[in-house]
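Geometric and topological summary
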Amino acid sequence: MAAMLDLDQLRTFVAICDAGSFTRAAETVHKTQSAVSMQMRRLEERIGKPIFGRDGRSAKLTEEGERLLGYARRLIRLSDETVAAFDDDELSGRVRLGTPDDYADRFLPEILARFSRSNPRVEVTVVCEPTLQLVECLRAGSIDLAIVTSVKDTTTAEVVRQEPLLWVVSNQHRLEEEEVLPLALGRDTCCWRKDAMEALGTIGRKNRLLYASNNSTALAAAVLAGLAISVLPESALRPGMRVLGEAEGLPRLSPCEIGLMRAPNRPSTPLVEALAEHIVSSLDNLSMRIAAE
């Protein structure tokens, strides 16, 4: 393997892995699908190993492809950091981001990793609070940007993602068959709790609230232990959970809308806008992965 690896080919390779298909990756890297396929053939020739499945257009990695992915990410990250270190126009400073803890668990790893690679001189401070508290933090100026649940008549968020809100239960238990549904939901300020209780009231379904917490990990634990039913957005589903719907007597819920809010009465900054762009891009990547699955 005397030939040098091509960073552009590696970027395309990583884009395919992240997007889940050659077609979506072509849109991400602004190339035609045939150009993407050609790059991958040349990359396989360079390393002397097959990196994708035999059907040619599959995004399923071989064992060698899995090995290459780790190296590719590290090489791209190092390249970006090197360029940024010598860029006098590179953004620097501190930006304060707010998010509910369940969004932090699902979204922040990719958001912060992508943003840090592109802006290594920027310090991101993260504050985890429920949406209504984050709105107050924005008004007080203690944070610059927040990922929030868009609540009508309460927040004026720019909606950047929408996904189904689902009833979930442990796949080892059939709590939906109980006469009185045991529930694990957020505290009384939680909009998902309000929607769930109103929907159950509309169909006259008896229920009792056993667990109330704003901590998503605690609610998921109650579900996985077979103690209660809860509501979660599609991207928050975990192994061991089963989705309930109208076939099991549970009413349809309004979609979950995730939005961005900036501090009011203050001009936005290049730092805030750069982070906002990375958040939107990361959520778009999540949508593509879910669709592929």
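Refer to the structure above for everything that follows.
In short, a report on the structure. (Residues numbered from 1 in each chain as written. Predicted model: local features only at pLDDT ≥ 70, side-chain atom pairs only at ≥ 80, totals over all residues. Heavy atoms only, no water.)

At their nearest, the axes of helix H1 (residues 7-19) and helix H3 (residues 33-47) sit 9 Å apart, and the two run at 115° to each other. With respect to their mutual orientation, H1 and H3 come out roughly perpendicular. Every pair of crossing elements has a handedness; the one defined by H1 and H3 is left-handed. Residues Asp 8, Gln 9, Leu 10, Thr 12, Phe 13 and Ile 16 of H1 touch H3, and the partners they reach there are Val 36, Gln 39, Met 40, Arg 42, Leu 43 and Arg 46. The class makeup of the residues in the contact of H1 with H3 is six nonpolar, three polar and three charged. (Axes fitted to C-alpha atoms, helices over the stretch in contact; angles between N-to-C directions. Helix = DSSP H or I, 4+ residues; strand = E, 2+ residues; numbered from the N terminus. Parallel < 35°, antiparallel > 145°, perpendicular 65-115°, else oblique. Left-handed = near helix turned anticlockwise from the far one by under 90°. Contact = heavy atoms within 4.5 Å. Nonpolar A, V, L, I, M, F, W, Y, C, P; charged D, E, K, R; others polar.)

Time to look at the nonpolar core. Ranked by size, the top nonpolar core spans 39 residues in total, and within it Leu 145, Ile 147, Trp 167, Ile 229, Val 231, Leu 275 and Ile 279 carry the most contacts. Per element, the largest residue contribution to this core is seven residues, and it comes from helix H9 (residues 270-292). In contact with Ile 279, not counting residues within four places along its chain, are Leu 97, Ile 111, Leu 145, Ile 147 and Leu 260. (Core = buried A, V, L, I, M, F, W, Y, C linked by side-chain atoms within 4.5 Å. Buried < 20%, exposed > 50% of the residue type's maximum accessible area, 1.4 Å probe, protein only.)

The periodicity of an α-helix, 3.6 residues per turn, causes residues three or four places apart in sequence to face the same way. Looking at helix H2 (residues 22-29), one finds that the buried residues are Phe 22, Ala 25 and Ala 26. Taken down its axis, H2 places every buried residue within 105° of arc, on the same side. Where H2 is buried, its residues touch H1 and H3. Here H2 starts with a cap whose side-chain oxygen sits 3.5 Å from the backbone nitrogen of Thr 23, and that cap is Ser 21. Taken from the residues just after H2, His 30 is the one with a positive phi, measuring 60°. (Arc of directions from axis to C-beta. Polar contact = N/O pair within 3.5 Å; in protein donor to acceptor, adjacent residues only side chain to side chain.)

What follows deals with the pattern of salt bridges. Inspection of the entire model under this criterion finds 14 salt bridges. As a salt-bridge pair, Asp 144 and Arg 96 come within 2.8 Å of each other at their nearest N and O atoms. Of this pair, Asp 144 sits in the loop between helix H6 (131-140) and strand S3 (145-149) while Arg 96 sits in strand S1 (residues 93-99), and the two are 48 residues apart along the sequence. For the pair shown, Asp 144 and Arg 96 are each scored as buried. For Glu 179, the salt bridge is made with Lys 206, and the minimal N-O distance between the two is 3.6 Å. Placement of Glu 179 in the loop between strand S5 (165-170) and strand S6 (181-185) and of Lys 206 in the loop between helix H7 (191-203) and strand S7 (207-212) is noted, with a sequence separation of 27 residues between them. Taking the relative accessible area as the measure of exposure, Lys 206 reaches 48% and is therefore partly exposed. Among the ionic contacts, a cluster of salt bridges with common partners joins Arg 174, Glu 176, Glu 177 and Arg 242. (Salt bridge = Lys/Arg side-chain N within 4 Å of Asp/Glu carboxyl O.)

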